[in-house]
Amino acid sequence: MKSLITILLLCLTINGFSNDTTRIAFYNVENLFDYFKDSVKNDDAWTPRGANRWTKARYEKKQKDLFKVIAALGYEQPLAILGLCEIENKKVLQDLVRGTPLRVHNYRYIHYESADSRGIDVAMIYRPDLFEVLDHYPILLIIPPDTVSRTRDFLYVKGVLFQRDTLHLIICHFPSKFGGLMQTKDRRAFAGRLLREKVDSIFAENPTANIITMGDFNDEPSDESIAVAFRSQCDTANFQPTDMLNLMCRFEGKKGSHKFRETWSIIDQIMISKSLVKNINGLFISEQKAHIFEPDFLLEDDRVNMGKKPFRTYIGTRYLGGFSDHLPIFVDVVSQSR
């Protein structure tokens, strides 16, 4: 274990990265809760005496495991920005960026409490030496007609990458399929339209804005919430100025970031604006591709459905001690001096 920690620390501190290339990633970390009861959240299961027997030792292991993933993500390129979902509160982020070796790079975090009944939100950590934050706020997701039963909000962040180029980020966790696919699809379609409204408002101010939307959308690229409500595109044929290219389309039906029974799906997605495809402002996505981060340590044998599956922390209330039921996804961003 000590030797692995040493290697990962070297990953964080290694020199020789290109000054104009960095990595932006997204990761559904599967229920990053602290182990204290919150009186305003439905988090009873995530306490030492709760259904999950969520102890301090298990929590600290989860934090160390998340550090390992982040360090490995930053091995080939420095990880400037990581969008996260299933985050309980600011404490778990503080413990991550200050209580693990991530403190070497002075990672900071952005988080807002949403009205989600389970208490899981989206968040972002970032390296201030690579990304200067200018503005951030939540985008409230209130789905009619039921405006009382709230779900997690979106997170909007605006900043400057490499002290050169403005970048807009929107991190999402769309409503789940709990309760049935057909019974919940309208909720995700509403979320897709809200996301499109925000993107369009950015384009209204700057038609060549650099925009990245990323998250767990609980739908695949061809589903209604993404392809119709949000109007994402899977290729650049007839690409319009305000279109968003879904970089995960190439994986659909082939591989995925999440596995349910025998089926891999690509519900974690990254979508980018035309400027990041065509290098209009000096910023662009390397090879116009996103990637699924799938090192061996994040996977285990699937003895029921064959092949591999994510090595998750829990199945139901049974503790496995793994990382997450999702795999991270990422893009490499290149900036060219003008």
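Everything in this summary refers to the structure shown in the same document. (Residues numbered from 1 in each chain as written. Predicted model: local features only at pLDDT ≥ 70, side-chain atom pairs only at ≥ 80, totals over all residues. Heavy atoms only, no water.)

**A short note on the pattern of salt bridges**
According to the stated counting rule, one finds 22 salt bridges in the structure shown. Here K37 and D43 are joined by a salt bridge, their closest N and O atoms 3.2 Å apart. Here E113 makes a salt bridge to K41, at a shortest N to O gap of 3.3 Å. Taken together, the residues E113 in the loop between β3 (108–111) and β4 (121–126) and K41 in the loop between β1 (21–32) and α2 (56–73) connect sequence positions 72 residues apart. Using a relative accessible area of 43% as the deciding quantity, one classes E113 as partly exposed. Owing to a relative accessible area of 10%, K41 belongs among the buried residues under this scheme. One salt-bridge network, held together by shared partners, links R23, E76 and D332. (Salt bridge = Lys/Arg side-chain N within 4 Å of Asp/Glu carboxyl O. Helix = DSSP H or I, 4+ residues; strand = E, 2+ residues; numbered from the N terminus. Buried < 20%, exposed > 50% of the residue type's maximum accessible area, 1.4 Å probe, protein only.)

**Some points on the state of the cysteines**
Summed over all chains, the structure comprises 1 disulfide. Across the disulfide from C234 sits C249; the S-S distance is 2.0 Å. Between C234 and C249 the disulfide shows an S-S torsion of about -60 degrees. By sign, it is left-handed. Placement of the pair is C234 in the loop between β9 (232–233) and β10 (244–246) and C249 in the loop between β10 and β11 (258–260), with a sequence separation of 15 residues. In this structure C85 is a free cysteine whose sulfur lies 10 Å from that of C172, the closest cysteine sulfur available. (Disulfide = S-S within 2.5 Å.)

**Notes on the pairing of strand β20 (residues 329–335)**
For β20, a buried count of 7 out of 7 residues is recorded, marking the element as mostly surrounded by other parts of the structure. Judged by which residues are buried, β20 turns out to be covered on both faces: I329, V331, V333 and S335 on one side and F330, D332 and V334 on the other are all buried. As paired elements, β1 and β20 share 6 bridges and run antiparallel to each other. Bridging across to β20, T22 finds its partner in V333. One ladder, built from 2 bridges, connects strand β15 (residues 291–292) with β20; its direction is antiparallel. Bridge pairing in β20 places I292 opposite I329. (Pairing = 2+ DSSP bridges.)

**Focus on the nonpolar core**
Counting residues in hydrophobic clusters, the biggest one holds 73 residues, and the most contacted among them are I81, M124 and I125. Residues contacting I81, with those up to four places away along its chain left out, are R23, I24, A25, M124, I125, Y126, F131, L167, L169 and M214. Among the nonpolar cores identified, the runner-up in size contains 21 residues, and L141, F174, L195 and V199 belong to it. (Core = buried A, V, L, I, M, F, W, Y, C linked by side-chain atoms within 4.5 Å. Contact = heavy atoms within 4.5 Å.)

**Some words on the packing of aromatic side chains**
All chains considered together, the criterion is met by 14 aromatic pairs. Residues W54 and Y314 carry aromatic rings whose centres are separated by 6.0 Å and whose planes lie at 55 degrees to one another, so their mutual orientation is tilted. Of this pair, W54 sits in the loop between β1 and α2 while Y314 sits in strand β18 (residues 314–315); the two residues are 260 residues apart in sequence, bridging distant segments of the chain. Grouping aromatic residues by their ring pairs yields a cluster made of F33, W46, W54, Y314 and Y319. Here R196 stacks its cationic end above the ring of F230, 4.9 Å away from the centre of that ring. (Phe/Tyr/Trp six-rings, centres within 6.5 Å; stacked < 30°, edge-to-face > 60°. Lys NZ or Arg CZ within 6 Å of the ring centre and 35° of its normal.)

**Comments concerning the sheet that holds strand β5 (residues 131–139)**
An order of β5-β6-β7-β8-β13-β10-β9 is seen for the 7 strands of this open sheet, with the pairing classed as mixed. Because the sheet does not close on itself, it has two edges, and the strands there are β5 and β9. Two strands pair when backbone bridges link them, and strand β6 (residues 154–161) and strand β7 (residues 165–173) are joined in this way by 7 bridges, in the antiparallel orientation. Note that in β7 the partner of G159 across the bridge is L167. Helix-sheet contacts for helix α4 (residues 181–205) involve β5, β6, β7, β8 (211–216), β10 and β13 (268–273), and the interaxial angle to β7 is about 170 degrees. (Axes fitted to C-alpha atoms, helices over the stretch in contact; angles between N-to-C directions.)

**Brief notes about the environment of F26**
The residue F26 is located in strand β1 in this model. Taking the C-alpha atoms as reference, F26 lies 17 Å from G159; in sequence the two are 133 residues apart. Not counting the four nearest positions on each side in its chain, F26 is found in contact with L82, G83, L84, C85, I171, C172, M214, G215, D216, D268, P328 and I329.

**Points about the packing of α2 against helix α3 (residues 90–99)**
Between α2 and α3, the least distance of the axes is 10 Å, while the angle of their chain directions is 60 degrees. Classed by the angle they form, the pair α2 and α3 counts as oblique. α3 is crossed by α2, and the crossing has right-handed handedness. Of the residues in α3, those touching α2 at Y59, Q63, L66, F67 and I70 are K91, V92, D95 and L96. Here the contact of α2 with α3 is composed, by residue class, of 6 nonpolar, 1 polar and 2 charged. (Parallel < 35°, antiparallel > 145°, perpendicular 65-115°, else oblique. Left-handed = near helix turned anticlockwise from the far one by under 90°. Nonpolar A, V, L, I, M, F, W, Y, C, P; charged D, E, K, R; others polar.)

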